[in-house]
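Read off the chains here:
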Amino acid sequence: MQTLTPPGSNSLNYLNRARPSLIRVAPTRLVVKCGYGFESASFSQGFGSSRADWQSSCAILSSKVISQKEDSPAGENNIAAVNGHKTAVTDLNLVHIKVDENNKPVLPKPLTISDLSPAPMHGSQLRVAYQGVPGAYSEAAAGKAYPKGEAIPCDQFEVAFQAVELWIADRAVLPVENSLGGSIHRNYDLLLRHRLHIVGEVQLPVHHCLLALPGVRKEYLKRVISHPQALAQCEHSLTKLGLNAAREAVDDTAGAAEFVAANNLRDTAAIASARAAELYGLQVLADGIQDDPNNVTRFVMLAREPIIPRTDRPFKTSIVFAHGKGTSTLFKVLSAFAFRNISLTKIESRPHRNCPIRVVDDESEGTAKHFEYMFYIDFEASMAEVRAQNALAEVQEFTSFLRVLGSYPMDMTPWNPSSSCPQEIN
Ligand SMILES: O=C(O)C(=O)C[C@]1(C(=O)O)C=C[C@@H](O)C=C1
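Residues numbered from 1 in each chain as written. Predicted model: local features only at pLDDT ≥ 70, side-chain atom pairs only at ≥ 80, totals over all residues. Heavy atoms only, no water.

### Overview of the overall build of the chain
A tally of regular secondary structure across the chain gives eleven helices and 22 strands. Buried positions account for 45% of the 426 residues belonging to the chain. A separation of at least 24 residues holds for 74% of the contacts in the chain among residues at least 6 apart in sequence. Summed over all atoms, the accessible surface of the chain reaches about 22100 Å², with 54% contributed by carbon and sulfur. (Helix = DSSP H or I, 4+ residues; strand = E, 2+ residues; numbered from the N terminus. Buried < 20%, exposed > 50% of the residue type's maximum accessible area, 1.4 Å probe, protein only. Contact = heavy atoms within 4.5 Å. Areas by Shrake-Rupley, 256 points an atom, 1.4 Å probe, with all protein chains shown as cover.)

### Examining the site of the ligand
Close contacts around the ligand come from 13 residues, with Tyr-137, Ser-138, Gln-233, Thr-253 and Thr-297 the closest. Within the contact set of the ligand, an oxygen atom lies 3.0 Å away from a side-chain nitrogen or oxygen of Gln-233. In the model, an oxygen atom of the ligand is placed 2.5 Å from a nitrogen or oxygen of the Thr-253 side chain. Within the complex, 100% of the 360 Å² of free accessible area of the ligand lies under protein. Elements with a contribution of two residues or more to the shell around the ligand: helix H3 (137-145), strand S7 (171-178), helix H6 (228-233) and strand S15 (296-303). Residues of the shell around the ligand, tallied by class, amount to five nonpolar, seven polar and one charged. (Near = heavy atom within 4 Å. Polar contact = N/O pair within 3.5 Å; in protein donor to acceptor, adjacent residues only side chain to side chain. Nonpolar A, V, L, I, M, F, W, Y, C, P; charged D, E, K, R; others polar.)

### Concerning the sheet that holds strand S21 (residues 399-409)
Pairing is antiparallel across the open sheet formed by four strands, whose spatial order is S17-S20-S16-S21. Bordering the open sheet on either side are strand S17 (344-351) and S21, each of which pairs with just one other strand. With strand direction ignored, the average angle separating the axes of adjacent strands in the sheet is 15 degrees. Sheet topology places strand S16 (residues 315-323) next to strand S20 (residues 373-379); six bridges connect them, and they run antiparallel. Residue pairing across strands places Thr-317 opposite Phe-379, the latter belonging to S20. Strands S16, S17, S20 and S21 of the sheet are contacted by helix H5 (residues 185-193), whose axis makes an angle of about 80 degrees with S17. (Pairing = 2+ DSSP bridges. Axes fitted to C-alpha atoms, helices over the stretch in contact; angles between N-to-C directions.)

### Some thoughts on unusual backbone geometry
Residues apart from glycine generally show negative phi values, whereas peptide bonds are mostly found in trans. Although it is not a glycine, Asn-103 adopts a positive phi angle of roughly 65 degrees. The topology assignment puts Asn-103 in the loop between strand S3 (96-99) and strand S4 (105-106). The backbone phi angle of Asn-341 is positive, close to 60 degrees, even though this residue is not glycine. Inspection of the secondary structure puts Asn-341 in the loop between helix H10 (329-338) and S17. Judged by its relative accessible area of 68%, Asn-341 is exposed.

### Some words on the packing of aromatic side chains
Counted under the stated rule, the structure contains four aromatic pairs. Ring geometry for Phe-337 against Phe-379: centres 4.7 Å apart, planes inclined by 40 degrees, an arrangement best described as tilted. Of this pair, Phe-337 sits in helix H10 while Phe-379 sits in strand S20, placing them 42 residues apart in sequence. The same class applies to Phe-337 and to Phe-379, which are both buried. On the numbers, 6.2 Å between centres and 50 degrees between planes, the contact of Tyr-373 with Phe-375 is tilted. Judged by relative accessible area, Tyr-373 falls into the partly exposed class, the value being 32%. An aromatic cluster is built from Phe-321, Tyr-373 and Phe-375, whose rings are joined through pairwise contacts. (Phe/Tyr/Trp six-rings, centres within 6.5 Å; stacked < 30°, edge-to-face > 60°.)

### Thoughts on H10
Along H10, the positions that sit buried rather than exposed are Thr-329, Val-333, Ser-335, Ala-336 and Phe-337. As for H10, its buried residues are in contact with S16, S17, S20, helix H11 (386-398) and S21.

### Observations concerning the side chain of Gln-229
Position of Gln-229 relative to the elements: it lies in helix H6. Ignoring anything within four residues of it in the chain, the contact list for Gln-229 reads Asn-178, Gly-181, Gly-182, Ser-183 and Ile-184.

What follows is the structure in structure tokens.
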């Protein structure tokens with residue numbers, strides 16, 4: 001788990017200074033959701049609501065104590081049960097002291113600074129939502145991102161977002177792009193629709209295996225099932241293996257393995273991890289069947305609160321924006337970064353759901369229709385850097401909507417490519 005120390009004074013100044021300047025307002029309501037002070041509502045709301053929750057829990061607890069006392073039969077005032085704990089009542093109006101099994105008082109410990117950190121909120125273990133079932137690559141990514149976390153499987157990406165929003169989980173770890181298959185568009189759309197912040201990224205080498213029930217030979221196979229990304233990442237290898245099998249997409253790789261095992265399918269193989277083979281009792285028919293040995297998927301770590309951007313290690317910032325009224329918006333936006341020597345690591349466009357088509361009157365040609373897009377950009381700089389702040393201030397001038405999805409440490413861990421070509425086991 002990543003623990004970031006409090007920000008330096010520069011970033012704090014930045015938070016305070018930038019807050020009003022980059023808020024973007026739609027006709028009637030605030031639409032921009034930016035961490036890092038771009039929208040104060042979310043930043044303070046998270047802490048505010050949890051504190052309110054905590055205060056109301058205290059109020060409920062104390063009202064229970066009082067009603068317990070009032071309900072207690074005469075003569076039993078010295079020991080009361082409060083929420084299942086035996087409590088010695090030393091003074092009717094004052095403090096209830098818990099006692100242990102030897103009737104010794106157990107005094108509450110004072111809160112420390114770590115109790116006040118925003119997460120984890122429930123005990124010391126972070127609950128990390130991922131899409132898929134155990135054995136999915138997303139589970140491995142969740143483990144890489146939060147080694148001490150408790151991985152919580154979710155059946156859909158959207159559920160993982162909601163699990164964090166509803167405090168059922170503390171973080172979500174979700175794939176956004178793969179070196180072979182490209183972007184996972186669904187998660188780009190969901191990032192915009194939900195109000196979570198990107199607080200980190202992990203890159204996971206993805207090493208696929210062809211799995212089948214024990215004793216099944218590849219000649220028997222009529223079907224290969226897996227996540228669409230995994231099928232795309234193994235397209236050429238499957239052809240090279242000479243399989244005469246239809247390919248079918250399912251929700252996740254490990255789910256495919258589980259399905260083959262649970263239904264005792266002797267004509268179906270799954271593309272999944274070696275861990276999925278172990279978990280669901282399948283044999284590995286071919287190992288390392290991804291088309292490129294350097295196959296890597298990039299995952300983002302999402303939280304309810306943003307982290308404070310820093311400058312003491314490489315940071316990346318992700319933004320999303322919509323066109324402004326003027327011309328050459330994209331060119332101007334890219335220039336804002338280029339002039340400041342800020343490298344872009346990713347650019348993605350998605351259709352604008354709320355206004356998908358723009359109608360333009362053209363006197364000579366009649367009416368033209370253009371798709372409207374949302375643009376997602378990742379750039380290599382921290383929002384604590386002045387050059388990044390200035391670039392975004394400029395971007396804001398050309399765009400009708402701008403949101404910072406997160407400013408977070410880059411995953412710099414090198415990965416070892418898996419062996420260079422698929423290995424058939426049988
Ligand atoms: O199906 C899984 O195991 C997943 O974790 C999903 C997913 C993806 O969505 O891209 C993750 C990594 C691999 O690229 C293949 C599939």
